[in-house]
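Residue-level structural notes
Residues per chain are reported as follows:
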Amino acid sequence: QEQEQEQRSEPLQLFCDLLCGKKTGTHAPESSPGPSQSDVWSANCVANSGQEYPDAKAQNFLKGCKWAPDGTCLLTASEDNLLRLHNLPESLYSSNASDEGQSSHSVSGCLDMPSVLQVKEAETIYDYSWYPHMNSSYPATCCFISSSRDHPIHMWDAFTGELRCTYRAYDHLDEIAASNSICFNADGSKIYSGFKGCIRIFDTDRPGRNFETIHTKKTKKSAGQGGIISCMALPRTGNQGSSIACGSYSKSVGLYDARSADLWALLDTGAGVVQVMFGADDNLLFAGLRQDERILTWDIRNVNEPLYYMTRSSHTNQRIEFDIDRQGKYLVSAGQDGVVLVYELQNKQPTGDSLKLEHDFSFLAHRDSCNGVSLHPYLPLLATASGQRKFFPRNPTDSDDEDMMGDSLNETNECSIWQPFRKTFP
């Protein structure tokens, strides 16, 4: 099974290798003795869902995107409280790119990618997650969960959009408490949900109000991790003896023992944490911050100080996502300036006395904030999501207000799929 995953990951590795120049070079046709030509690889938009969000004033920005584990479809959330499911266009299943030829799509060609399923939540969507063993050949596994304000965790059928079941957490007043973050463990047997001051764990096969509670901080004066648990990450290898990483808006990342639930490390981040993720071998931990450009990296075997950090544009409270490929070789990050950054993680060290790691490739994905990125599980494709909350003047009377209104209307609320392609310059 591991060998099969490595073989399926080769095209995905090629995506990042090409963009970072690992497969670039110069070549000249033998029949023409002229000067050599230089091959420069870049990213080409091959599919787009912009028609789903036609009105710029509607403030219907996206909230990230996530590929299904089997790679057949893409899940997004937006400000209109809709979860949209987009099927991967059939022509992209056989898509590939190599240093021997150009992508099958032209630079200007972009396929329309309408949603095939829409699920409506009643309130603002906080988080959503795929069932880790989702496979379209087995409809019973095709489901995802979502959390929204003042509502329990919902599990939805990815084929019909019907509600399968709910997982309800209650507070000390016996009222439903909304989860701020949710995720499955590696085998999909448990659902972890983050709340203020605690983590609640549900058994996937037992919907209802039965759950275990891990208190991150019992009282205001007691030691522990305070604040709202905004994000969580569990081991990617499925090692049950590993740690659970929990990020908090109170500027910290807590590492909890997966068996005893004891807090054994509390990492100071200096800013609110919006995403945490383990590396391929579960030894490296990455944390993305809000109102802070850094993505901090620790080796959990020695958490005294970060190994290094990467930067991207992030100046607001908006969650700016990043993703790591299965082999742990590359990290791809979105940015508030619309630029996608690619970092190589292996065999690379920070330059000089600084702990900052320089990016290897970047490209402009959107004219607005790019808030979500997701690498396809096995194809050389990258999905991005864009949009952010805008504030329009009520009565634009002077020229400055009119200019600001014009700039705001240029926002792009869309989800796009990107593929590497080659440009040849003489």
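Described in the following lines is the structure provided in the data block.

Cut-offs applied
- Residues numbered from 1 in each chain as written.
- Predicted model: local features only at pLDDT ≥ 70, side-chain atom pairs only at ≥ 80, totals over all residues.
- Heavy atoms only, no water.
- Helix = DSSP H or I, 4+ residues; strand = E, 2+ residues; numbered from the N terminus.
- Buried < 20%, exposed > 50% of the residue type's maximum accessible area, 1.4 Å probe, protein only.
- Contact = heavy atoms within 4.5 Å.
- Areas by Shrake-Rupley, 256 points an atom, 1.4 Å probe, with all protein chains shown as cover.
- Disulfide = S-S within 2.5 Å.
- Salt bridge = Lys/Arg side-chain N within 4 Å of Asp/Glu carboxyl O.
- Pairing = 2+ DSSP bridges.
- Polar contact = N/O pair within 3.5 Å; in protein donor to acceptor, adjacent residues only side chain to side chain.
- Phe/Tyr/Trp six-rings, centres within 6.5 Å; stacked < 30°, edge-to-face > 60°.
- Lys NZ or Arg CZ within 6 Å of the ring centre and 35° of its normal.
- Core = buried A, V, L, I, M, F, W, Y, C linked by side-chain atoms within 4.5 Å.

1. A short note on the overall build of the protein
Of regular secondary structure, the protein possesses 2 helices and 32 strands. A burial count over the protein gives 54% of its 426 residues as buried. Across the protein, contacts joining residues at least 24 apart in sequence account for 56% of those joining residues at least 6 apart. For the protein, the exposed area adds up to about 19500 Å²; of that, 45% sits on carbon and sulfur atoms.

2. Observations regarding the state of the cysteines
Linking two cysteines covalently via their sulfur atoms produces the bond known as a disulfide. Counted according to the given criterion, the structure contains 0 disulfides. Free of any disulfide, Cys110 has its nearest cysteine sulfur in Cys45, 3.3 Å distant. Look at Cys110 and you get partly exposed, because its relative accessible area is 39%.

3. Concerning the pattern of salt bridges
Going through the model one piece at a time under the given rule, you end up with 12 salt bridges. Salt-bridge contacts for Arg149 lead to Glu123; the nearest nitrogen and oxygen are separated by 2.9 Å. Linking Arg149 in the loop between β9 (143–148) and β10 (153–157) with Glu123 in the loop between β7 (115–120) and β8 (125–130), this pair joins segments that are 26 residues apart in sequence. The class of Arg149 is partly exposed, set by a relative accessible area of 35%. Among the ionic pairs, Arg209 bridges to Asp174, the shortest N-O distance being 2.9 Å. Of the two residues, Arg209 sits in the loop between β16 (198–203) and β17 (212–215) while Asp174 sits in the loop between β12 (169–170) and β13 (176–177), which places them 35 residues apart along the sequence. For Arg209, a relative accessible area of 41% puts it in the partly exposed group. Take Asp174: its relative accessible area is 48%, and that puts it in the partly exposed class.

4. Some words on the pairing of strand β18 (residues 229–233)
Looking down a regular strand, the side chains alternate between one sheet face and the other. Buried residues dominate β18, accounting for 5 of its 5 residues. In the sheet, β18 pairs with strand β19 (residues 243–248) via 4 bridges, with the strands oriented antiparallel. In the sheet register, Ala233 faces β19, and the bridge partner there is Ala245.

5. Regarding unusual backbone geometry
If you check the backbone angles, Asn81 has positive phi at about 65 degrees while not being a glycine. As for its placement among the helices and strands, Asn81 is situated in the loop between β4 (73–78) and β5 (82–87). A relative accessible area of 13% places Asn81 in the buried class. The backbone phi angle of Lys251 is positive, close to 65 degrees, even though this residue is not glycine.

6. Topic: the side chain of Ser179
For Ser179, the location among the structural elements is in the loop between β13 and β14 (181–184). Within the local environment of Ser179, its side chain forms a polar contact with the backbone oxygen of Ser181, the two atoms lying 2.8 Å apart. Residue contacts for Ser179: discarding those within four places in its chain leaves Tyr126, Ser147, Ile153, Ser193, Gly194 and Phe195.

7. A word on the packing of aromatic side chains
The tally for this structure, following the rule as stated, stands at 6 aromatic pairs. With a centroid separation of 5.6 Å and 85 degrees between ring planes, the pair formed by Tyr131 and Phe184 is classed as edge-to-face. One end of the pair, Tyr131, is in the loop between β8 and β9; the other, Phe184, is in strand β14, with 53 residues separating them in the sequence. Here the two residues Tyr131 and Phe184 agree in accessibility, since each one is buried. Aromatic rings pair up to connect Tyr167, Phe202 and Phe211 into one cluster. Taking the ring centre of Tyr128 as reference, the NZ or CZ of Lys66 above it sits at 4.7 Å.

8. Thoughts on the nonpolar core
Ranked by internal contacts, the top residues of the largest apolar core, which has 18 residues, are Ala245, Val253, Leu255, Leu267, Val273, Val276 and Leu285. Only β18, β20 (252–257), β21 (263–268), β22 (273–278), β23 (284–289) and β24 (294–299) provide two or more residues apiece to this core. Among all residues touching Ala245, those that are not within four sequence positions of it are Cys231, Met232, Ala233, Gly254, Leu255, Val276, Phe278 and Leu285.

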